[in-house]
Amino acid sequence: MNKEEIIYQGAEAKICKSKYMGFDVVKKRRINKSYRIKEIDNRLIFYRTKEESKLMTEARKYGVSVPIIFDVDKENGIITMEYLKGRRIKDILNGLSEKERIRICRMIGESIAKFHNNDIIHGDITTSNMIYQEDRIHFIDFGLGEKNSKIEAKGVDLHVLMEAIESTHSRYSNCFDFVLEGYKNELKDDANLVIKKIAEIVKRGRYR
Amino acid sequence: MLCIGIEGTAHTVGIGVVKQNNGKCSVLSNVLKIYRPEQGGIHPREAANHHTLYIADLISESVKKANVSFSEIDLISFSKGPGLGPCLRTGATAARALSLTLGKPIIGVNHCVAHLEIGRGTLSDCTDPVLLYTSGANTQVIAFAEGRYRVFGETLDIGIGNCLDKFGRTVGLDFPCGPAIEKLAINGNKYLDLPYSIKGMDIAFSGLLTAAEQYYRANKSLEDICYSIQETTFAALTEVTERAMAHTEKDEVLLGGGVAANKKLREMVQTMAKERGASFFVPTKDLCIDNGAMIAWLGVLMYKSGIRLKVEDSFIDQRFRTDMVDVTWRE
């Protein structure tokens, strides 16, 4: 048994640093929540672990940077994956030069388009779930994701990022426009349909 | 500083008088009347008529209960929005009349922000919370970030209270249906699968509502359905709140809104807070539901931070979003 060190405690999982066959890995251990009944708890943990590992593997196939998965334990809700030493986009974005920020945002948009091209919906695209390493944007935390070809699903996916940028990077809220630029360049279908959908989703919200 | 607050965004017309004491809020009086439709949902005009009928007496009552005189009042605060136009206008009209009669300044405040500030104002140690605001119309997860109260998560369709009321009406419960559902749920024990829909930190209830209604039509036990609705919706609410806490790196959680009166929801959020080593806060019930005291308190904070409003500019705003407020009273 390797020694494990908790490097991050998120809302639904503990991220532990460990070793696996000589590699530096993280184990994402989903935590049982005693506030919810076991029927819901088990269903969410099992389903999210399964979906997350499946979607990550698939996204990788389509050229999206994601950590390599070594092992999946659905019953216990543990995914063992490559350790990324880079930093979260959330922590670096506000400190970048304008030129660099625009470049990174376009890269983010291109990556999102790559998985959307293949009907992969991330489900929680925030800047906390992107890690910058070796000039690539790595996406993590596909736990709320799904396979869905509908424009609605892609619009909701981007809407989550839009809100995250507005609340966490409010001084640079034009970031989202550059994300959309990159997205347009890379998306195979007409990105304007998705962009229109985002505006519709915003309006659907309360008091808009 | 002594302030009278006038609340009238939806069902409730409420008047409260508060005083600032060492930076904290002391509530001197808080009185209200709730419009209860005979059937169906809220009718904005009927609700406004109800408020018009009671508002003058409530104002007198609140001042009397606070044991102050009208001449001692320094500020008149009212709910500027969000809410139903006719109801908001009734409150604003009363506020303008008071302001002009007493010759005292008027201020319009955001109802959702008031729910958060009353927690900070009345509970010691509650300084920088993530607010889970759950009421009939509103379901929002709000926290302070970069100079504003920002909505980190919110409902993508209907409010949780609205979801409970709609289900309640389908099965013949009286408004407000939340307490009746809470009671029925206690005797439920078989979990019926319901859609659990969260998108990032946002949440949706309409699919669950349809599924719950289908269970009812299929003659499933009403107790079990109520139990399953509560367990599913509250688990989702607790989860998005926890996500917002992790995201904003805050370690206080505050409840607000009418649904915060639900014991099950309180228990679940409290358990979540305990497990992540965070503090849990909930105002007294009269300050959780829509009320005038919270409107008065936010008025005090804004006025003291230098905000001024002329009577001729004292408009209401039905779509006054939480993140539109420039928070001048916090660092």
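Just so it is clear, the structure is predicted and the values come from calculations on it, not from any experiment.

Trainee: Can you help me understand unusual backbone geometry in this one?
Mentor: Across the chain, the bulk of peptide bonds are trans and the bulk of non-glycine residues have phi less than zero. Omega for the bond connecting Gly-81 of chain B with Pro-82 of chain B falls within 30 degrees of zero, at 0°, which places this linkage in the cis form. Topologically, Pro-82 of chain B is positioned in the loop between strand E4 (75-81) and helix H2 (85-102). The phi dihedral of Met-21 of chain A is positive, around 50°, even though this residue is not glycine. Mapped onto the fold, Met-21 of chain A is located in the loop between strand E2 (13-20) and strand E3 (23-30).

Trainee: I'm lost on helix H6 (residues 191-204) of chain A in this one. Help?
Mentor: Each α-helix winds once per 3.6 residues, and so residues spaced three or four apart point in a common direction. Residues and elements named next belong to chain A. The terminal C-alpha atoms of H6, which comprises 14 residues, lie 20 Å apart, in line with the 20 Å expected from a rise of 1.5 Å per residue. Listed as buried for H6 are Ala-191, Val-194, Lys-197, Ile-198, Ile-201 and Val-202. Taken around the axis of H6, the buried residues stretch over an arc of 145°, which confines them to a single face. Across H6 from its buried face, at more than 90 degrees, point the exposed residues Lys-196 and Lys-203.

Trainee: What is the right way to read the nonpolar core from this model?
Mentor: Within soluble globular proteins, side chains that are nonpolar tend to cluster in buried spots. Counting 59 residues, the largest nonpolar core has Phe-167, Leu-194, Ile-229, Leu-237 and Val-269 of chain B as the members making the most contacts within it. When residues in this core are grouped by element, the largest group, twelve residues, is from helix H7 (residues 222-248) of chain B. Excluding residues within four positions of it along the chain, Leu-194 of chain B makes contact with Arg-43 of chain A together with Leu-208, Ala-211, Ala-212, Tyr-215, Ser-228, Ile-229 and Thr-232 of chain B. Membership of the second largest hydrophobic core comes to 41 residues, among which are Leu-55, Phe-115, Ile-120 and Val-194 of chain A.

Trainee: When you look at the domain arrangement of chain B in this model, what are you seeing that I'm missing?
Mentor: Interfaces are often sized by the amount of accessible area the parts lose when they come together. Residues and elements named next belong to chain B. For chain B, the assigned domains are domain 1 (2-116 + 287-324) and domain 2 (128-282). Summarising the inter-unit geometry, the C-alpha centres of domain 1 and domain 2 are found 27 Å apart. Listed by partner, the interface residues are 17 residues for domain 1 and 21 residues for domain 2. Around 1500 Å² of area is buried between domain 1 and domain 2 when both sides are counted, 64% of it from carbon and sulfur atoms. In terms of surface lost to domain 2, no three residues of domain 1 exceed Leu-116, Cys-288 and Thr-322, which account for 38% of the buried area on that side. At the boundary of domain 1 and domain 2, one finds one salt bridge.

Trainee: Where do I start with the interface of chain B and chain A in this structure?
Mentor: Facing the 39 residues of chain B at the interface are 38 residues of chain A. For the pairing of chain B and chain A, the buried interface totals around 3400 Å² over both sides, and the portion due to carbon and sulfur atoms is 46%. For chain B, the biggest contributors to the area lost against chain A are Glu-146, Arg-243 and His-247 of chain B; these three give 18% of the whole. In this structure, the connection of chain B to chain A is made through eight salt bridges. In this structure, Lys-33 of chain A engages Glu-242 of chain B in a salt bridge whose closest nitrogen and oxygen atoms are separated by 3.0 Å. Taken together, chain B and chain A are joined by 13 residue pairs in polar contact (both at pLDDT 80 or more). For the side of chain B that touches chain A, the secondary-structure elements that each account for two or more residues are strand E7 (139-145), strand E8 (148-154), strand E9 (197-199), H7 and helix H8 (263-275) of chain B. Take the side of chain B that touches chain A: its biggest share by element is ten residues, from H7 of chain B.

Trainee: How do you make sense of the sheet that holds strand E2 (residues 12-21) of chain B when you look at a structure like this?
Mentor: Two strands in a sheet stick together by hydrogen bonds in their backbones, pointing the same way (parallel) or opposite ways (antiparallel). Residues and elements named next belong to chain B. Reading across the sheet, the five strands line up as E3-E2-E1-E4-E5 and stay open at both edges, with mixed pairing between neighbours. The open sheet has two edge strands with one neighbour each: strand E3 (24-34) and strand E5 (106-110). Across the sheet, the mean angle from the axis of one strand to that of its neighbour is 25°, orientation sign disregarded. Here four bridges tie strand E1 (residues 2-7) to E4, and the two strands are oriented parallel to one another. Considered in E4, the bridge of Cys-3 is made with Leu-75. In the packing of helix H10 (residues 292-304) onto the sheet, contacts are made with E1, E2, E3, E4 and E5, and the angle to E2 comes to roughly 45°.

How each quantity is defined
- Residues numbered from 1 in each chain as written.
- Chains lettered and ligands numbered in written order.
- Predicted model: local features only at pLDDT ≥ 70, side-chain atom pairs only at ≥ 80, totals over all residues.
- Heavy atoms only, no water.
- Helix = DSSP H or I, 4+ residues; strand = E, 2+ residues; numbered from the N terminus.
- Expected span 1.5 Å × (residues − 1).
- Buried < 20%, exposed > 50% of the residue type's maximum accessible area, 1.4 Å probe, protein only.
- Arc of directions from axis to C-beta.
- Core = buried A, V, L, I, M, F, W, Y, C linked by side-chain atoms within 4.5 Å.
- Contact = heavy atoms within 4.5 Å.
- Domains from an automatic or database assignment.
- Buried area = accessible area lost by both parts, 1.4 Å probe.
- Salt bridge = Lys/Arg side-chain N within 4 Å of Asp/Glu carboxyl O.
- Polar contact = N/O pair within 3.5 Å; in protein donor to acceptor, adjacent residues only side chain to side chain.
- Pairing = 2+ DSSP bridges.
- Axes fitted to C-alpha atoms, helices over the stretch in contact; angles between N-to-C directions.

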